[in-house]
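Okay, here's what each chain looks like letter by letter:
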Amino acid sequence: MEIFRSDDLIYYSLLSCFLFFFLSSMDVTEASSQCSPVKPTTPLVTFLERLQETAFKTYYGSSNIDPKLYVDLSLKFNLSETEEAFKKLPRSENGTVEVKVLERFMGEYMRGAGEDLVEVVPEDYVPEPAGFLPEVENPEVRAWALEVHSLWKNLSREVSERVRDRPELHTLLPLPNPVMIPGSRFREVYYWDSYWVIRGLLASKMYETAKGIVANLISLIDEYGYVLNGARAYYSNRSQPPLLSSMIYDIYKRTGDKEMVRKSLPALLKEHQFWNSDIHKVTIQDDQACNHTLSRYYAMWDKPRPESSIIDKEFASKLSDVSEKQQFYRDLASAAESGWDFSTRWMRNSSDFTTLATTSILPVDLNAFILKMELDISSLAKVIGETSISECFVEASQERKKAMDSVLWNAEMGQWVDYWLADNSSSCMEAHKLEASNQNQNVFASNFVPLWIELFNSDPSVVKKVIESFQSSGLLCSTGIATSLTNSGQQWDFPNGWAPIQHMIVEGLVRSGLKEARLMAEDIAIRWIKTNYAAYKNTSAMHEKYDVEECGKIGGGGEYKPQTGFGWTNGVALAFLEEFGWPKDRKLDC
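Calculation notes
Residues numbered from 1 in each chain as written. Predicted model: local features only at pLDDT ≥ 70, side-chain atom pairs only at ≥ 80, totals over all residues. Heavy atoms only, no water. Helix = DSSP H or I, 4+ residues; strand = E, 2+ residues; numbered from the N terminus. Rg over C-alpha atoms; globule rule 2.2 N^0.38 Å. Contact = heavy atoms within 4.5 Å. Areas by Shrake-Rupley, 256 points an atom, 1.4 Å probe, with all protein chains shown as cover. Pairing = 2+ DSSP bridges. Axes fitted to C-alpha atoms, helices over the stretch in contact; angles between N-to-C directions. Disulfide = S-S within 2.5 Å. Buried < 20%, exposed > 50% of the residue type's maximum accessible area, 1.4 Å probe, protein only. Core = buried A, V, L, I, M, F, W, Y, C linked by side-chain atoms within 4.5 Å. Left-handed = near helix turned anticlockwise from the far one by under 90°. Nonpolar A, V, L, I, M, F, W, Y, C, P; charged D, E, K, R; others polar. Parallel < 35°, antiparallel > 145°, perpendicular 65-115°, else oblique. Salt bridge = Lys/Arg side-chain N within 4 Å of Asp/Glu carboxyl O.

Trainee: What exactly am I supposed to notice about the overall build of the chain here?
Mentor: Helix and strand counts for the chain stand at 20 helices and 16 strands. Its C-alpha atoms give the chain a radius of gyration of 24 Å, within 12% of the compact-globule value 25 Å for 590 residues. Dimensions of the chain, computed from C-alpha atoms along their principal axes, come out at roughly 70 × 65 × 50 Å. Considering only contacts within the chain whose residues lie at least 6 apart along the sequence, 74% involve residues at least 24 apart. Of the roughly 22700 Å² of accessible surface on the chain, 48% is carried by carbon and sulfur atoms.

See below:
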């Protein structure tokens, strides 16, 4: 990884501070007019979308079609030659190609999805690391934990030389270091997944693999200015929840690697600028005429997502106006940027998917993540003696906390809640008056994510109020925390529980230092471990999500079949066992 000069660091520091403080306090009408950007895609992605659409028509009625498969294919020959052959395929009047004709074409001109990655055993993997989970005394749990640890070998890949030699033939991006994929249809690195993968790798003592993942993500910032949703060309129009600083901070706390911190800091400053740019920042003015700046998700895209193009077009067909379709596509891609794809959390009408309004929402968790980024940057800058940067980001974190307290905190509920902007007000050119009625008072697990952040979990009075609210929220079920209270059929709604949600809330409770909070945290972790184990025993796999109403039941819903692997689930299981251990006499069965 390139070593940045100290003057680069000072430049990025000053620019970050300028953007955050000066631009957030200026009159919003002075801001840039680039409020609805669209980042162009590549010719290869455009062609693969056409192939996807043709395959959908050819296999019409088949439930086994996964649109993502087609944009993950790579070419055997150059694009112009492949396109020419594709145009010559005989078609019926509605554009259908016979199955055998399409399959012959794909066999001759395309390489399979996943063939651009090579399986590789991580350099720091050993079957049983020294000092692995010392508090796990139960032999059955230890044996299972070692099996989960061994899954890192199954998920480890490196980019093939073909991708490096001919990147124009692939949608996979040529990352410099080995990667950990989530598993199944997710054949590439994903941004926010990587945080919980790294937490598991730290428990597995695989520090060099963890550092390599961070270096990969930083290489994306160097190339694009932000970490992409995932390491594919078609993901270049959006990011994902910004957790890079958390990865770096946690690795540093384990390894004391100051050189890694020094190399990483300029990229963190650049990412902070991205999340505080015109398209993401929104100014809310309170009753005392005090301006508060918060951030939102905002994808740089207003077309169907290439990986789900046929699905997106089907939903958009219900809208007649071109501008409505473009806004729907942007809100849809922005919901994907949030990681919560999809949930009634982003919908004005919970029964109508086309009412997605992601860009009109100031999300609790995104602002908590950026607040943590600011705290992390301050701490990491201090480690390498960059005092001015450290002080700047202490101030930035205090400003964001003040904004969250003013705009997102609901004292009556004892929760932080998403704030909705007025209808049709997703523009970055508008100032917004604070209206208490714009708070979304529906209960989502994200309402409790700020508990993960030090500035909130260090206040005992706040923690006690939030614990009381959480206990009565209805989210805590027999095997874990539900994502919402609405059973909509979307995968980020009830009754699904996801590993990251369990982990952030549990760790936030632990970090508060309150005895009753730790007891609650351990209870949640035990429930989650038991359901993970029960499902593993039944299926020999770790899963992407679980149904928290029934022990061992796999989660469902959403636009694709449930997946196995699974990076962040493995990481959280190991992190929980590292934090709480497992006594010899504690039962593991449901």
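Read on for the rest.
Trainee: Help me understand the sheet that holds strand E6 (residues 281–285), please; the structure alone is not making it clear to me.
Mentor: Spatially, E7-E6-E12 is the arrangement adopted by the three strands of the open sheet, whose pairing is mixed. In this open sheet, the two strands that pair with only one neighbour each are strand E7 (291–295) and strand E12 (431–433). Taking the axes of each pair of neighbouring strands and ignoring which way they run, one obtains an average angle of 35 degrees across the sheet. Examined bridge by bridge, E6 and E12 share three bridges and lie parallel to one another. Residue pairing for E12: Ile 284 is matched across the bridge by His 432.

Trainee: Would you mind showing me how to read the state of the cysteines here?
Mentor: What we call a disulfide is simply a covalent bond connecting the sulfur atoms of a pair of cysteines. Scanning the model with the defined rule gives one disulfide in all. Left without a disulfide partner, Cys 290 is nearest to the cysteine sulfur of Cys 392, which lies 18 Å away. Looking at Cys 290, the relative accessible area reads 23%, which means it is partly exposed.

Trainee: Would you mind showing me how to read the nonpolar core here?
Mentor: Nonpolar side chains tend toward joint burial in soluble globular proteins. One finds Phe 105, Met 110 and Leu 244 to be the most contacted residues of the largest nonpolar core, which totals 184 residues. With near-sequence residues (within four places) excluded, Leu 244 lies in contact with Tyr 191, Val 214, Leu 217, Ile 218, Ile 221, Val 227, Leu 268 and Glu 271.

Trainee: Even after reading the chapter, I still don't get the side chain of Ser 473, so can you show me in this structure?
Mentor: Mapped onto the fold, Ser 473 is located in the loop between helix H17 (460–471) and strand E13 (476–477). Excluding anything up to four places from it in sequence, Ser 473 contacts Val 443, Phe 448 and Leu 485.

Trainee: Just checking my understanding: could you explain the packing of helix H11 (residues 258–275) against helix H14 (residues 364–383) for this structure?
Mentor: Axis angle and axis distance: for two packed helices, these are the angle between their axes and the distance between the axes, and together they describe the pair. Their axes nearest at 10 Å, the elements H11 and H14 cross at an angle of 145 degrees. Once H11 is placed against H14, the crossing between them reads as left-handed. Taking contact as the criterion, the partners of Lys 258, Val 261, Leu 265, Leu 268, Leu 269, Glu 271, His 272 and Trp 275 in H11 are, on H14, Leu 366, Ile 370, Met 373, Glu 374, Ile 377, Leu 380, Ala 381 and Val 383. For the contact of H11 with H14, the per-class residue count stands at twelve nonpolar, one polar and three charged.

Trainee: Looking at this model, I keep getting lost on the sheet that holds strand E5 (residues 179–180). Mind explaining?
Mentor: The strands making up a sheet are joined through hydrogen bonds of the backbone, oriented either antiparallel or parallel. Spatial strand order, E3-E4-E5: three strands in an open sheet with antiparallel pairing. Strand pairing shows two members of the sheet lacking a second neighbour, strand E3 (117–119) and E5, which therefore form its edges. Looking at chain direction, E3 and strand E4 (residues 156–159) are connected through three bridges and run antiparallel. Looking across to E4, one finds that Val 118 is bridged to Glu 158. Sheet strands in contact with helix H6 (residues 139–155) are E4 and E5, and its direction is about 20 degrees off that of E4.

Trainee: Help me out: how do you make sense of the environment of Glu 337 in this one?
Mentor: Relative to the helices and strands, Glu 337 resides in helix H13 (residues 322–337). Relative accessible area serves as the criterion here: at 0%, Glu 337 is assigned to the buried category. With 109 residues separating them in the primary sequence, Glu 337 and Leu 228 have C-alpha atoms 9.1 Å apart. Excluding residues within four positions of it along the chain, Glu 337 makes contact with Asn 229, Arg 238, Ser 239, Gln 240, Pro 241, Trp 275, His 280, Tyr 297, Tyr 298 and Ala 299.

Trainee: Before we go on, may I ask you to explain the packing of helix H8 (residues 193–203) against helix H18 (residues 499–511) in this structure?
Mentor: Interaxial distance between H8 and H18 falls to 11 Å at its minimum, and their mutual angle equals 60 degrees. Here H18 runs oblique to H8, going by the angle between their axes. The handedness of the crossing between H8 and H18 is left-handed. Seen from H8, the contacting residues are Tyr 195, Trp 196 and Arg 199; seen from H18, they are Pro 500, His 503, Met 504, Glu 507 and Arg 511. Here the contact of H8 with H18 is composed, by residue class, of four nonpolar, one polar and three charged.

Trainee: I'm lost on the pattern of salt bridges in this one. Help?
Mentor: Side-chain pairing between opposite charges can occur once the charged atoms of the two side chains come close. Throughout the structure, instances matching the rule amount to 35 salt bridges. The closest approach of N and O atoms between Arg 164 and Glu 161, which form a salt bridge, is 3.8 Å. Taken together, the residues Arg 164 and Glu 161, both in helix H7 (residues 161–165) and three residues apart, mark about one turn of the helix. With relative accessibility at 53%, the residue Glu 161 sits in the exposed group. A salt bridge links Asp 589 to Lys 537; the shortest N-O distance between them is 3.3 Å. Of this pair, Asp 589 sits in the segment after helix H20 (567–580) while Lys 537 sits in helix H19 (residues 515–539), and the two are 52 residues apart along the sequence. When its relative accessible area of 44% is taken as the criterion, Asp 589 is described as partly exposed. By sharing partners, the salt bridges in this structure join Lys 68, Asp 72, Asp 116, Arg 187, Glu 188 and Arg 232 into a single network.

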